[in-house]
Amino acid sequence: MTTTETRPTNRTTNQQRPTARPRPGIATENALIALARRIGVPALRISLAITFLWFGALKITNDTPVGDFVAGTVDWIPGVSGTWFVPVLGVVEVVLGLALLCHTGLRVVLPLLFAHLTGTFLALVAQADVTFQDGNPLMLTTEGEFVIKNLILLSAVLVLYGRRKA
């Protein structure tokens, strides 16, 4: 005589599972994350473009508060004079800003922006007396802070470069 044995299983059916309650606010958070993923990179590109357009235009018109500071950073280089360098730099910044805004030529524009921003750190060496308080490299002046904030702009360029399509 054969008997059929029923073995208990560890499986639970859908009917036996407790329904999971969504955490309060998770749907809102997920929606915000999706929105940030959709608009974050374009917003970064556009804000960087506006920054370069604005700063560049101020250099072209000689209305920038950092004109003398920029000129003093390059005046020691043979053949370079701050009087022509600052407005030319402004034109370059406007062109790069327009390219960012129009989302064109990023393969070339982003490395140029990276090089330009890296060059701004020359001021920390060429004008250490202006960028650091009493020669202390831990104590920045307003000009020093102006230069150091470019670390954020450099990071923005890296994000944009890393996210661009080949």
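Everything below is about the structure printed above this text.
Now for a description of the structure that goes with this document. (Residues numbered from 1 in each chain as written. Predicted model: local features only at pLDDT ≥ 70, side-chain atom pairs only at ≥ 80, totals over all residues. Heavy atoms only, no water.)

Details of the packing of helix α2 (residues 67–74) against helix α3 (residues 82–102)
Rules: To obtain each axis, a line is fitted to C-alpha atoms, and for helices this fit is confined to the stretch in contact; angles are then taken between N-to-C directions over 0 to 180 degrees. Helix and strand definitions here come from DSSP, where helices need a minimum of 4 consecutive H or I residues and strands a minimum of 2 consecutive E residues; each element is numbered from the N-terminal end. Each helix crossing is assigned a hand: it is left-handed if the near helix lies turned anticlockwise from the far helix by less than a right angle, otherwise right-handed if that turn is clockwise. What makes two residues a contact is simply this: any of their non-hydrogen atoms within 4.5 Å. When residues are sorted by character, Ala, Val, Leu, Ile, Met, Phe, Trp, Tyr, Cys and Pro go into the nonpolar class, Asp, Glu, Lys and Arg into the charged class, and all the rest, Gly among them, into the polar class.
Two numbers describe how α2 lies on α3: the axes approach to 9 Å, and their chain directions differ by 115°. Crossing geometry of α2 relative to α3 is assigned as right-handed. Here G67, V70, A71 and V74 of α2 come into contact with α3, specifically with G82, F85, V86 and L89. Across the contact of α2 with α3, the residue classes tally to six nonpolar, two polar and no charged.

Points about the pattern of salt bridges
Our working rule: The rule for a salt bridge is simple: a side-chain nitrogen of Lys or Arg has to be within 4 Å of a carboxyl oxygen of Asp or Glu. Type-normalised accessible area, obtained with a 1.4 Å probe on protein chains alone, sets the label of each residue: buried when under 20%, exposed when over 50%, and partly exposed for intermediate values.
As enumerated under the stated definition, the model contains one salt bridge in all. A salt bridge links E93 to K59, with the nearest nitrogen and oxygen atoms 3.1 Å apart. In this pair, E93 is assigned in helix α3 and K59 in helix α1 (residues 26–60), connecting sequence segments 34 residues apart. With respect to class, E93 is no different from K59; both count as buried.

Comments concerning the environment of A156
Structurally, A156 is set in helix α8 (residues 150–163). Relative accessible area serves as the criterion here: at 8%, A156 is assigned to the buried category. Beyond its immediate chain neighbours, meaning those up to four positions away, A156 contacts L44 and L48.

Some details on the nonpolar core
Put simply, the test is: Buried Ala, Val, Leu, Ile, Met, Phe, Trp, Tyr and Cys residues that are joined via side-chain atoms within 4.5 Å together make up what is termed a nonpolar core.
Within the largest apolar cluster, 27 residues are counted, with the highest numbers of intra-cluster contacts made by L48, L100, V109, L110 and L113. Every element with two or more residues in this core is listed here: α1, α2, α3, α4 (106–119), α5 (122–126) and α8. Here L113 is in contact with L48, F52, L96, L100 and V157, once residues within four sequence places are set aside.

Here we look at a nonpolar patch on the surface
The criterion, for reference: Nonpolar side chains (Val, Leu, Ile, Met, Phe, Trp, Tyr) are joined into patches within 5 Å and like charges within 9 Å, using only residues with over 30% relative accessible area and no salt bridge. Throughout, the Shrake-Rupley method with a 1.4 Å probe supplies accessible areas, and for residues the shown protein chains are the sole cover considered.
Judged by side-chain polarity, I46, I50, W54, F55, L98 and L101 come together as a nonpolar surface patch covering roughly 560 Å² of accessible area. Of all elements in the fold, only α1 and α3 reach the threshold of two or more residues within the nonpolar patch. Looking at the nonpolar patch element by element, the count peaks at four residues for α1. Within the secondary structure layout, L98 lies in helix α3.

Comments concerning the side chain of N150
Secondary-structure assignment places N150 in helix α8. The residues touching N150, leaving out its near neighbours within four places in the chain, are L117, T120 and F121.

Considerations on the packing of α3 against α4
Helices that pack against each other are described as a pair by the angle of their axes relative to one another and the distance between those axes. Selection rule: Any angle that is under 35 degrees is reported as roughly parallel, and any over 145 degrees as roughly antiparallel; angles of 65 to 115 degrees are reported as roughly perpendicular and all others as oblique.
Where α3 contacts α4, the two axes come as close as 10 Å, and the packing angle between them is 140°. The angle between the axes of α3 and α4 places the two elements in the oblique class. The two elements α3 and α4 cross, and the hand of that crossing is left-handed. Between α3 and α4, the residues in contact are L89, E93, L96, A99 and L100 and L106, V109, L110, L112, L113 and H116, respectively. By residue class, the composition of the contact of α3 with α4 is nine nonpolar, one polar and one charged.

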